[in-house]
Amino acid sequence: MAKDPIRVLVTGAAGQIGYALVPMIARGVMLGADQPVILHMLDIPPAAESLNGVKMELVDAAFPLLKGVVATTDVVEACTGVNIAVMVGGFPRKEGMERKDVMSKNVSIYKAQASALEKHAAANCKVLVVANPANTNALILKEFAPSIPEKNISCLTRLDHNRALGQISERLNVQVCDVKNVIIWGNHSSTQYPDVNHATVKAPGGDTPVRQLVADDDWLNGEFITTVQQRGAAIIKARKLSSALSAASAACDHIRDWVLGTPEGTFVSMGVYSDGSYNVPPGLIYSFPVTCRDGKWSIVQGLSIDEFSRKKLDATAEELSEEKALAYSCLS
Ligand code: NAD
Ligand code: LMR
């Protein structure tokens, strides 16, 4: 029997990530090839005409799974009845800007949209915040939507996770799908810590640690980390625009694994509300290694953290605490 459609909200849908993301959702990349969807697309009035153009293209693409499109500049209409909310709307970072520069513009948007989601989304709506500063926008959304369970609010660090997989695959000349269990700890910013200490590569004799295969600690502890940390800035420098196709693809990966589950023995990175695991201060949205089952994520417990890693976990937590304070000062 055909499944009931799932309503998926994309905010900022007339923007460049939105333009890459909505066809992926309509093709089943996010929720599966047998899952019908109804797309809700929100943007602001100056982008209304362009948003309508995206709707026209969705109709023209004749996606079999797409059962309806709501394109609106009304946040209440956009949020009503949605089961999944992908929050992309906001102002992107331009060349030379730090995430903190976009803070004041974006946190006030997330405060306002928190209330709309809380009042009008479906019960148990899962929320993914993509817009920067992603962790802090998600935290503000959580704080101003107190009736949405904190387990349902997350931010995107899967792009950083995928970038780390990509770097290891290129270095070792192996298939990216054979690399797993890298971890992004902390903030979706240049203080994030891409950690390969638990990562492996599939080989005929069994999974082999990345550290054993790369055997160049200077690269793993230096250039690899900075390349992943700075990849967003490198894309902006090259394209004069921030990443879009890779961000859209990572958003699909994030929601797909959250809803449908992570493969056995595999963990992924998600920005989630800290419960104090790994001595990360509670009260922050922090990227952890997680596994997902039955629509719920759990932080992977018991991984060893060496002294080098500890310092990096603490540094990115420190930055998030500062961002949280700055966000509140922007809202007051
Ligand atoms: P964009 O400027 O192309 O699109 C953003 C869209 O949001 C625009 O259409 C704009 O009109 C809309 N918008 C602005 N205010 C809004 C509001 N209040 N409600 C609804 N829509 C609103 O930007 P983009 O390149 O698509 O990037 C979107 C965001 O995602 C940026 O904040 C960017 O920094 C961030 N980003 C995050 C990641 C990640 O991995 N977390 C990766 C890439 C980009
Ligand atoms: C990215 O990681 O590509 C985006 O978050 C863009 C940015 O602002 O770095």
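Residues numbered from 1 in each chain as written. Chains lettered and ligands numbered in written order. Predicted model: local features only at pLDDT ≥ 70, side-chain atom pairs only at ≥ 80, totals over all residues.

The name recorded for the protein in an unreviewed UniProt entry is Malate dehydrogenase protein, from Dioscorea alata.

> If you had to explain the sheet that holds strand β10 (residues 200-201) to someone new, which residues and values would you point to?
Strand order in the open sheet formed by three strands is β7-β10-β11, and the pairing between neighbours is antiparallel. Each edge of the open sheet is held by one strand with a lone partner, namely β7 (179-180) and β11 (208-209). Across two bridges, the pairing between β7 and β10 is antiparallel. Of the residues in β10, the one forming a bridge with valine 179 is valine 201. (Pairing = 2+ DSSP bridges. Helix = DSSP H or I, 4+ residues; strand = E, 2+ residues; numbered from the N terminus.)

> So, the nonpolar core: which residues are in play, and what are the values?
Formed by 97 residues in total, the largest nonpolar core has its most connected members in Leu39, Val86, Val129, Val130 and Ala251. Valine 130 has contacts with Ile17, Val86, Met87, Val88, Leu156, Ala247 and Ala251, leaving out every residue within four places of it along the chain. (Core = buried A, V, L, I, M, F, W, Y, C linked by C-beta atoms within 7 Å. Buried ≥ 20, exposed ≤ 12 C-beta atoms within 10 Å, placed from the backbone. Contact = placed C-beta atoms within 7 Å.)

> Outline the pairing of strand β4 (residues 84-87), supporting the account with residue identities and numerical values.
Residues Ile84 and Val86 line one face of β4 and the alternating positions Ala85 and Met87 line the opposite face, and both faces are buried. The pairing of strand β1 (residues 6-11) with β4 spans four bridges and is classified as parallel. Paired with leucine 9 across the strands is alanine 85, a residue of β4.

> Any details on the packing of helix α6 (residues 158-172) against helix α11 (residues 245-260)? Residues and values, ideally.
With their axes 8 Å apart at the nearest point, α6 and α11 run at an angle of 105° to one another. Compared by their axis directions, α6 and α11 come out roughly perpendicular. Every residue of α11 that contacts α6 at Arg158, Leu159 and Asn162 is listed here: Ser246, Ala247, Ala250, Asp253 and His254. A breakdown of the residues in the contact of α6 with α11 according to their chemical character gives three nonpolar, three polar and two charged. (Axes fitted to C-alpha atoms, helices over the stretch in contact; angles between N-to-C directions. Parallel < 35°, antiparallel > 145°, perpendicular 65-115°, else oblique. Nonpolar A, V, L, I, M, F, W, Y, C, P; charged D, E, K, R; others polar.)

> An account of the environment of proline 204 is requested, with residue identities and associated values reported.
Inspection of the secondary structure assignment puts proline 204 in the loop between β10 and β11. For the pair proline 204 and threonine 73, spaced 131 residues apart in the sequence, the C-alpha separation amounts to 53 Å.

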